[in-house]
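# Reading the structure
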Amino acid sequence: MTDNDWQAFLAQHGPAALLYARHLTRTLADAEDALHDAFLRFWPRRHTAKDPRALFFTCLRTAALDQHRASNRRRAREQQARTDLPLFTASTQDDYEKRDLVQHALQQLPADQREVIILKLWANLSFEQIAQTTNVPLNTAAARYRYALAKLAPLLSLENTK
Amino acid sequence: MTTNNPHEHIERTLADLTPTPLPDYLHTRLAESMDNQLTLPEKLLGIALSLATAAALFITISLTLTLLNAPPLSAPTSTKTSAYATPADLQTLLAAK
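In this text the structure is predicted, and so the values were computed from the model without any measurement. (Residues numbered from 1 in each chain as written. Chains lettered and ligands numbered in written order. Predicted model: local features only at pLDDT ≥ 70, side-chain atom pairs only at ≥ 80, totals over all residues. Heavy atoms only, no water.)

## Comments concerning the pattern of salt bridges
Residues and elements named next belong to chain A. For the record, the criterion: One speaks of a salt bridge when a side-chain nitrogen belonging to Lys or Arg is within 4 Å of a carboxyl oxygen belonging to Asp or Glu. Think of it this way: any DSSP run of H or I at least four residues long counts as a helix, any run of E at least two long counts as a strand, and we number them from the N terminus.
Throughout the structure, instances matching the rule amount to 6 salt bridges over all chains. In this structure, Asp112 and Arg144 form a salt bridge, with 3.7 Å as the shortest nitrogen-oxygen distance. Of this pair, Asp112 sits in helix H6 (residues 111-121) while Arg144 sits in helix H8 (residues 138-161); the two residues are 32 residues apart in sequence, bridging distant segments of the chain.

## Brief notes about the side chain of Thr134 of chain A
Residues and elements named next belong to chain A. How we decide: Throughout this description, buried means an accessible area under 20% of the type-specific maximum (1.4 Å probe, protein chains only), exposed means over 50%, and partly exposed covers the range between. Between two residues, a contact is recorded if the distance between any of their heavy atoms is within 4.5 Å.
For Thr134, the position within the fold is in helix H7 (residues 127-134). A residue is classified by how much of its surface remains accessible, and Thr134, at 4% relative accessible area, is buried. Residues within four places of Thr134 in sequence aside, it is in contact with Tyr20, Arg61, Glu115 and Leu119.

## Examining the nonpolar core
Test applied: Note on terminology: a nonpolar core comprises buried Ala, Val, Leu, Ile, Met, Phe, Trp, Tyr and Cys residues joined through side-chain atoms within 4.5 Å.
In terms of nonpolar packing, the biggest core is built from 60 residues, with Phe39, Phe57, Leu60, Ile117 and Trp122 of chain A together with Leu14 of chain B touching the most fellow members. Ranked by residues supplied to this core, first place goes to helix H1 (residues 3-24) of chain A with 10 residues. With sequence-adjacent residues up to four places away left out, Trp122 of chain A is seen in contact with Ala16, Leu19, Phe88, Val102, Leu106 and Ile117 of chain A together with Leu14, Ala15, Leu17 and Pro19 of chain B.

## Overview of the interface of chain A and chain B
Short version of the rule: The buried area of a pairing is the accessible area, by a 1.4 Å probe, that goes missing from both parts when the two are put together, added over both. The term polar contact refers here to a pair of N or O atoms within 3.5 Å; inside protein, the definition further demands a hydrogen-donor-capable atom paired with an acceptor-capable atom, and it admits residues adjacent in sequence only when both atoms are side-chain atoms.
Of the residues lining the interface, 38 residues belong to chain A; the matching set on chain B comes to 26 residues. Overall, the association of chain A and chain B removes approximately 3000 Å² of surface from exposure, summing both partners, and the carbon and sulfur fraction of that is 72%. The tally of links between chain A and chain B comes to 2 salt bridges. The salt bridge involving Asp33 of chain A is made with Arg29 of chain B; its shortest N-O contact spans 2.9 Å. The interface formed by chain A and chain B includes 11 residue pairs in polar contact (both at pLDDT 80 or more). Elements supplying a minimum of two residues to the side of chain A that touches chain B: H1, helix H2 (28-42), helix H5 (93-108), H6 and H8 of chain A. A total of 9 residues in the side of chain A that touches chain B trace back to one element, the largest contributor, which is H1 of chain A.

## Brief notes about H7 of chain A
For H7 of chain A, the complete set of buried residues consists of Gln129, Ile130, Ala131, Thr133 and Thr134 of chain A. Phi turns positive one or two residues past the end of H7 of chain A, at Asn135 of chain A, with a value near 60°.

## Topic: the packing of aromatic side chains
Residue and element names in this part refer to chain A. Applied cut-off: Each Phe, Tyr or Trp ring, with Trp reduced to its six-membered ring, pairs with another whose centre is within 6.5 Å; inter-plane angles below 30 degrees give stacked pairs, above 60 give edge-to-face pairs, and intermediate values give tilted ones.
Scanning the model with the defined rule gives 14 aromatic pairs over all chains in all. Ring centres 5.2 Å apart and planes at 80° place the aromatic pair Phe9 and Phe56 in the edge-to-face group. Placement of Phe9 in helix H1 and of Phe56 in helix H3 (residues 52-71) is noted, with a sequence separation of 47 residues between them. Judged on exposure class, the residue Phe9 and its partner Phe56 are both buried. With centroids separated by 5.2 Å and ring planes inclined at 50°, the aromatic side chains of Phe42 and Phe56 adopt a geometry described as tilted. Here Phe56 lies in helix H3 and Phe42 lies in helix H2, a separation of 14 residues in the sequence. The exposure class assigned to Phe42 is buried, which follows from its relative accessible area of 0%.

## Some thoughts on the confidence of the model for chain B
Residue and element names in this part refer to chain B. The following threshold applies: Confidence scores here are pLDDT values: one per residue, from the predictor, ranging 0 to 100.
Of all residues in chain B, 76% attain a pLDDT of 70 or more, and the chain-wide mean is 78. Within chain B, the element-level pLDDT minimum falls on helix H2 (residues 24-69), averaging 82, and the maximum on helix H1 (residues 8-15), averaging 87. Reported confidence for the predicted complex is 0.77 by ipTM and 0.67 by pTM.

Written out as structure tokens, the structure is:
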């Protein structure tokens, strides 16, 4: 195992993983903890997995849900700790507007649909991998994705009419 | 190949956005944790190898010293050149009587 191996993996999948973890947890700190723990759990086991990427996101989901449950107890205390670190990068004014629009639209989705959207579009997982990660049948994962897009369409149409 | 995906533009709009990279401090934290994970077995292996090397060296030196100190098999066990008493020995014995 070399430094470059895990750093390359993290450079490729880290941003989408953090995005996913942030949608499953209450705070950025929880998401970071989940990502940290999940990665340490995943990395030594990666060679034993049939699909290492799906295993990574499965480990992340488990760690994030654990964090989420733990943080329920200190929810009120940490509400104000929600970070202003944006979910997406932006460099132009258009980017900023689009980013805000998408962030807001994503918040309108039910959690199970939102996670499928994130895993499909930003983590680039197949429906089979998503089904494995979220522990649902493949058809359910695909249906959630379609429902999510249908809900997002009117929410994002503002941008298209600009 | 044409696709009949009514939400293609929505997918493109979303996928065009790039998730925020990991903060530097998280990367540093992960690097430290990974280092710790890597060095522990290596440290244990290093200690085991050092002990084995030290033991082998000790045995080699001990054997060498033992062989160097041991008298050669063909060497006489006495400083006397003969096992028989010399006339001087007899004289001494007689004088003692």
